[in-house]
Amino acid sequence: MRGKPGSFLAMLARRLTKIEIHGQENLAVLERPGPAMIVVNHTTVVDVVVVVGTLHKLGFTVDGPCETNCPHRRHLRPVGTSDMWNFPLAKQIVTGSGIIPTDQHDGRSAYRAARAALKNNEVVLMYPEGDVKINEQASPRAWRPGTAGLAKSVSMPVLPIAHHDTRRLGSGSVERSILQALSKIFRRPRIHLMIGTPVPASALAALDPKQINDYLERELTSLWQRVSSLT
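I will try to describe carefully the structure that is included in this document.

Criteria and cut-off values
- Residues numbered from 1 in each chain as written.
- Predicted model: local features only at pLDDT ≥ 70, side-chain atom pairs only at ≥ 80, totals over all residues.
- Heavy atoms only, no water.
- Helix = DSSP H or I, 4+ residues; strand = E, 2+ residues; numbered from the N terminus.
- Polar contact = N/O pair within 3.5 Å; in protein donor to acceptor, adjacent residues only side chain to side chain.
- Buried < 20%, exposed > 50% of the residue type's maximum accessible area, 1.4 Å probe, protein only.
- Contact = heavy atoms within 4.5 Å.
- Axes fitted to C-alpha atoms, helices over the stretch in contact; angles between N-to-C directions.
- Parallel < 35°, antiparallel > 145°, perpendicular 65-115°, else oblique.
- Left-handed = near helix turned anticlockwise from the far one by under 90°.
- Nonpolar A, V, L, I, M, F, W, Y, C, P; charged D, E, K, R; others polar.
- Core = buried A, V, L, I, M, F, W, Y, C linked by side-chain atoms within 4.5 Å.
- Expected span 1.5 Å × (residues − 1).
- Arc of directions from axis to C-beta.
- Salt bridge = Lys/Arg side-chain N within 4 Å of Asp/Glu carboxyl O.

### Some remarks on the side chain of histidine 164
Part 1: Relative to the elements of secondary structure, histidine 164 occurs in strand β7 (residues 158–164).
Part 2: There is a polar contact of 3.4 Å between the side chain of histidine 164 and the side chain of tryptophan 224.

### Considerations on helix α5 (residues 146–153)
Part 1: Looking at α5, one finds that the buried residues are Thr147, Ala148, Gly149, Leu150 and Ala151.
Part 2: Looking at the buried residues of α5, the elements they touch are β2 (36–40), α4 (108–119), β6 (123–126), α7 (201–204) and α8 (209–228).

### Focus on the packing of α5 against α8
Part 1: Where α5 meets α8, the axes come as close as 8 Å, and the angle between the chain directions of the two elements is 110°. If you check the angle between α5 and α8, you find them roughly perpendicular. Crossing angle aside, the handedness with which α5 passes α8 is right-handed. Within the contact between the two elements, α5 uses Ala148, Ala151 and Lys152 and α8 uses Pro209, Ile212, Asn213 and Leu216.
Part 2: Residues that form the contact of α5 with α8 fall into these classes: 5 nonpolar, 1 polar and 1 charged.

### Notes on the nonpolar core
Part 1: In terms of nonpolar packing, the biggest core is built from 28 residues, with Met37, Leu204 and Leu216 touching the most fellow members.
Part 2: Every element with two or more residues in this core is listed here: β2, α4, β6, α5, β7 and α8.
Part 3: Take this core: its biggest share by element is 6 residues, from α8.
Part 4: The contact partners of leucine 216, leaving out residues within four places of it in the chain, are Trp143, Ala151, Val158, Val199 and Leu204.

### A short note on α8
Part 1: Its 20 residues give α8 an end-to-end C-alpha distance of 28 Å, which sits within 8% of 28 Å, the value for a rise of 1.5 Å per residue.
Part 2: Here α8 has its buried residues at Ile212, Asn213, Leu216, Leu220, Leu223, Trp224, Val227 and Ser228. Looking straight down α8, one finds that the buried residues subtend no more than 130° of arc, so they occupy a single side. In α8, those exposed residues whose orientation departs by more than 90 degrees from the buried face are Lys210 and Arg218.
Part 3: Packing partners of the buried residues in α8 comprise β2, α5, β7, β8 (190–195) and α7.
Part 4: Near the N-terminus of α8, the side chain that reaches the backbone nitrogen of lysine 210, with its oxygen 3.1 Å away, is that of aspartate 208.

### Overview of the pattern of salt bridges
Part 1: One pass over the structure, following the stated rule, counts 5 salt bridges.
Part 2: Glutamate 20 serves as the salt-bridge partner of arginine 190, at 2.5 Å between the closest nitrogen and oxygen. Pair noted here: arginine 190 is in strand β8 and glutamate 20 is in strand β1 (residues 18–22), with a separation of 170 residues, a long-range link.
Part 3: What makes arginine 190 partly exposed here is its relative accessible area of 38%.
Part 4: The class for glutamate 20 is partly exposed, based on a relative accessible area of 29%.
Part 5: In this structure, the salt-bridge partner of arginine 73 is glutamate 31, at a minimum N-O distance of 3.0 Å. Placement of the pair is arginine 73 in the loop between β3 (60–61) and β4 (74–81) and glutamate 31 in the loop between β1 and β2, with a sequence separation of 42 residues.
Part 6: On the accessibility criterion, arginine 73 (34% relative accessible area) is partly exposed.

Right under this line is the structure:
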């Protein structure tokens, strides 16, 4: 599994959850040439299983580059916590993958790496809230500035993806969330994942970073409201 976190998380997603996917046709925007960015709400550590595992199943993987005969529709470059490199098993899985590590206290190097990936016509996946300090409703919270900065500096479509309620799988600390998720293997809670309408680059071109942030934040919040009404 070295360098194959997408494959690993897709396997976990199959065993731990029942995922209802909505708006799958909107993923077609990621197959167009050029850069693109995915923005996802973040409520618990284990929602990564749902999002990244599902995207892998649909052909969009965070696994490392394929050497030959690539079976994927496209490879993704998610920005994820550098803590994954601190645990032996996680380190083995993510090393060599497309994940861009970020420090919770200083995201400048991750921002530069994400911008470089976009300039190289890659797809970057962002969790704009930056942490999982959720509110009672688990609704999207205020974004950190990096996502809007990337959308301002690179002309590209932005694809919102929202899910609800991944807390059924696990919540709290990293250890607690993982243990709760593993305990659900025989119950497999149902979680809804909605892929929204892409925001074209033209809709953001004339906006400043704060306006871009507000625009995209509203799009993701609206999408979350739709998917949360299904549960």
